[in-house]
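# Observations on chain architecture
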Amino acid sequence: MFDVIIAGCGPTGAMLAAELRLHDVRVLVLEKETEPASFVRIVGLHIRSLELMAMRGLLDRILQHGRQRPAGGFFAAIAKPAPKGLDSAYAYLLGVPQPVIEHLLAEHAIELGAQVRRGCAVTGFEQDDEGVTVELADGEQLRSRYLVGCDGGRSTVRKRLGVGFPGEPSRTDTLMGEMEVGVPQEEIAARMTEIRETHQRFWLRPFGEGVYSVVVPAAGVSDRSEPPTLEDFKQQLRAIAGTDFGVHSPRWLSRFGDATRLAERYRVGRVLLAGDAAHIHPPIGGQGLNLGVQDAFNLGWKLAAQVRGWAPEALLDTYQAERHPVAEDVLDNTRAQMELLSTEPGPQAVRRLLTELMDFDEVNHYLIEKITAIGIRYDFGEGPDLLGRRLRDIDVKQGHLYGLLHRGRGLLLDRTERLTVGGWSDRVDYLADPTAELDVSCVLLRPDGHVAWIGDDQEDLDDHLSRWFGKPAD
Ligand SMILES: Cc1cc2nc3c(=O)[nH]c(=O)nc-3n(C[C@H](O)[C@H](O)[C@H](O)COP(=O)(O)OP(=O)(O)OC[C@H]3O[C@@H](n4cnc5c(N)ncnc54)[C@H](O)[C@@H]3O)c2cc1C
């Protein structure tokens, strides 16, 4: 008997497993594939995800494998510098190969005690009042108290749960692959600059060791149900660039669409959904993995609280209440970005106008905060603007605030030195620091770093500790 079974060991599943293990939850991750993905896709980790990694002490490991880029210029690929004054100690984009992130997160989860079984596809489940019986492809049955589907866009868990996945099917397909080229880099760079004035869904980027990452629209090439071929890439390169750049020796070739869908519910009884299993959208702006990892970060401590028995009545349901609107917003911004990539005259005119508007720092700032997820404010009721937002990594007397959050517990940061976490000290840490870089007296942080309370009154604080962390210990 496990406490939680997670279907899928992608970035979302691995992050969730690690978060649950911080609270000693017995976790089993079932992964369909026997081996990790072999092809390398570089993904961008945005500011909020970098902050999460810093909060769990993982950022240094990840930085070694990534390349830092300015935190600007990725909304609809409109080339603009990073906006001024982004409110984060990690105000950059980190390009990292997705298999590296998956490996590091899975390694972290295993180090913390999660079990990962590869080559085990979840095919079905039954839930009852006490738990969930999970069925594997080979007929084996396993029992757990909760099941979380982190099994990607074609999620078996979501389908078996009967949860609707409304939205739009894919309209625009894109080819993506890695291959070698037969012409010098300067020639490619010059041609690319010219073409990208009108075609944003097109690039050839050097990837190291003579290999290029190639992206071209798939319009008009071969059958969608068949894997793309090198000839498909050549045909599209010739159609747009007038040359196929002598591409050869592909490492891998793939195709992706712009289907946009959102699960109607994130929870039915003891079964929950997170990551691509709950939402899919085009990769423009590089948000999918970030969104999934942030779902896991939001869900982990709440599900752990439920398993450990201290969760207040409605805590687990705040997962959907908080994360569903965030995904809705991401879906919408990707819809808007896809329109701005169209080569039609109308969308091109809107793109030119937005390009001008982004010269206003406030506009640029707004869009980048949206994509990097640092602009999120959960609805915790009436209160100052900081309530419901994440707190940046500020300096405290013991070093950095995020360094105190590695154990995934709540934290009371008290500048008055008068308050106490009392009977909640088994779940919430306390730091008295009159010098902390804060505009308010005290903040209560949830384990995901969001501000759950601001004030200086002990009675009011106790009410909020109960709201988020349940009954105090005797
Ligand atoms: C071209 C492209 C570029 C992208 N660039 C970015 C980017 O820059 N930044 C970004 O944030 N996102 C990016 N994304 C999106 C990102 O790759 C996904 O959003 C992310 O992989 C989702 O993670 P996940 O763990 O939720 O799902 P997945 O990565 O799909 O993982 C699901 C896992 O579940 C397993 N599984 C499936 N079914 C079962 C089953 N029945 N039983 C057990 N296991 C199962 C799968 O094998 C897989 O390992 C990009 C996507 C594409 C296509």
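Conventions used here
Residue indices follow the written sequence of each chain, beginning from 1 at its first position. In view of the model being predicted, local features appear only for residues whose pLDDT reaches at least 70, and side-chain atom pairs are presented and counted only at 80 or more, with totals across whole chains, interfaces and linings using the full set of residues. Computation of side-chain values: all heavy atoms of the structure, hydrogens and water removed. Secondary structure is summarised from DSSP: a helix means a run of H or I of at least four residues, a strand means a run of E of at least two, and numbering begins at the N terminus for each. Both definitions apply: the radius of gyration is a C-alpha atom measure, and the globule rule equals 2.2 Å times residues to the power 0.38. Relative accessibility thresholds used throughout: buried, under 20% of the residue-type maximum; exposed, over 50%; partly exposed, between the two (1.4 Å probe, protein chains only). We call two residues in contact when some of their heavy atoms are within 4.5 Å. Computed with the Shrake-Rupley method and a 1.4 Å probe, the accessible areas treat only the protein chains shown as cover for residues. Residues counted as positive are Lys and Arg, residues counted as negative are Asp and Glu, and His and the chain ends are not counted. Each charge is placed at NZ for Lys, CZ for Arg, CG for Asp and CD for Glu. Given a helix with a known number of residues, its expected span is that number minus one, times 1.5 Å. It is the directions from the helix axis to the C-beta atoms whose arc is reported. Pairs of N or O atoms are called polar contacts if they sit within 3.5 Å, as long as, within protein, a hydrogen donor faces a hydrogen acceptor (for residues adjacent in sequence, only side-chain-to-side-chain pairs). By convention in these notes, a residue is near a molecule or strand provided one of its non-hydrogen atoms lies within 4 Å of it. Residue classes follow a fixed rule: Ala, Val, Leu, Ile, Met, Phe, Trp, Tyr, Cys and Pro count as nonpolar, while Asp, Glu, Lys and Arg count as charged, and any other residue, Gly among them, counts as polar. Note that patches include only residues with greater than 30% relative accessible area and no salt bridge, and the join distances are 9 Å for like charges and 5 Å for nonpolar side chains (Val, Leu, Ile, Met, Phe, Trp, Tyr). Every case where a carboxyl oxygen of Asp or Glu lies within 4 Å of a side-chain nitrogen of Lys or Arg is listed as a salt bridge. The pairing criterion is simple: DSSP has to find at least two bridges between the two strands. Think of each axis as a best-fit line through the C-alpha atoms, taken over the contacting stretch in the case of a helix, with angles from 0 to 180 degrees between the N-to-C directions. Pairing of aromatic side chains here covers Phe, Tyr and the six-membered ring of Trp, requires ring centres within 6.5 Å, and sorts the geometry by plane angle: under 30 degrees stacked, over 60 edge-to-face, intermediate tilted. In this scheme, Lys NZ or Arg CZ marks a charge over a ring once it lies within 6 Å of the ring centre and within 35 degrees of the ring normal.

What follows concerns the overall build of the chain. A tally of helices and strands in the chain yields 12 helices and 24 strands. Whereas a compact globule of 474 residues would reach a radius of gyration of roughly 23 Å, the chain reaches 23 Å, a difference of no more than 12%. Reported as C-alpha extents along the three principal axes, the dimensions of the chain are approximately 75 × 60 × 40 Å. Evaluated residue by residue, the chain yields a buried proportion of 54% over its 474 residues. Partitioning the contacts of the chain with sequence separation of at least 6, the portion at a separation of at least 24 is 70%. Total accessible area on the chain is roughly 20600 Å²; 49% of this is exposed by carbon and sulfur atoms. When the 53 basic and 71 acidic side-chain charges of the chain are each reduced to a single mean position, those positions are 2 Å apart.

This part covers the side chain of His281. Tracing the chain through its elements places His281 in the loop between β18 (279-280) and α8 (288-308). The exposure class of His281 is buried, given its relative accessible area of 12%. The contact partners of His281, leaving out residues within four places of it in the chain, are Ala259, Thr260, Gln287, Gly288, Leu291, Val330, Leu331 and Thr334.

The next thing to look at is helix α12 (residues 458-469). Look at α12: 15 Å from first C-alpha to last across 12 residues, which is about the 16 Å you get at 1.5 Å a residue. All of the buried residues in α12 are Leu461, His464, Leu465, Trp468 and Phe469. Buried residues in α12, looked at end-on, bunch into an arc of 110 degrees, giving them a common side. With respect to the buried face of α12, the exposed residues turned more than 90 degrees away are Glu459 and Asp463. Trailing α12 by a residue or two, Gly470 shows a phi angle of about 75 degrees, which is positive.

To continue, consider the side chain of Thr318. Take Thr318: it is sitting in helix α9 (residues 318-340). We classify Thr318 as buried; its relative accessible area is 18%. One polar contact links the side chain of Thr318 to the main-chain carbonyl oxygen of Leu315, over a distance of 2.6 Å.

Attention now goes to the site of the ligand. The ligand sits among 29 residues. The nearest are Thr12, Glu31, Gln98, Leu289 and Asn290. Contacts to the ligand include Gln98, whose side-chain N or O atom sits 2.8 Å from an oxygen atom. Take Val122: an N or O atom from its main chain is 2.9 Å from a nitrogen atom of the ligand. Coverage of the ligand by the protein amounts to 84% of the 1000 Å² it exposes when considered alone. The set of elements that each furnish at least two residues to the shell around the ligand consists of α1 (11-21), β2 (27-31), β3 (42-45) and α8. For the shell around the ligand, a count of residues per class yields 11 nonpolar, 12 polar and 6 charged.

For the rest of this paragraph, the subject is a negative patch on the surface. Taken together, the side chains of Asp456, Asp457, Glu459, Asp460 and Asp463 make up a negatively charged region of the molecular surface. Among the structural elements, Asp456 can be located in the loop between β24 (451-455) and α12.

The strands making up a sheet associate through backbone hydrogen bonding, with each pair oriented either parallel or antiparallel. Judged by pairing direction, the sheet is antiparallel, and its 4 strands sit side by side in the order β12-β13-β11-β14 without closing on themselves. Of all strands in the sheet, those bounded by a partner on one side alone are β12 (203-208) and β14 (248-256). Each neighbouring strand pair of the sheet contributes to a mean axis angle of 20 degrees, computed without reference to strand direction. Relative to strand β13 (residues 211-217), β12 is paired through 5 bridges, and the arrangement is antiparallel. Bridge pairing in β13 links Arg205 to Ser213. Relative to β12, helix α6 (residues 185-195) is tilted by about 145 degrees, and along the sheet it contacts β12 and β13.

Turning to the packing of aromatic side chains, a few remarks are in order. Aromatic ring pairs are described here by two measures, namely the spacing of the ring centres and the angle between the planes. Enumeration over the complete set of coordinates arrives at 6 aromatic pairs. Ring geometry for Tyr378 and Phe380: centres 6.2 Å apart, planes at 35 degrees, overall tilted. Overall, Phe380 belongs to the buried group, its relative accessible area being 6%. The cationic tip of Arg158 hangs over the ring face of Phe165; the distance from NZ or CZ to the ring centre is 3.5 Å. The cationic tip of Arg270 hangs over the ring face of Tyr146; the distance from NZ or CZ to the ring centre is 5.0 Å.

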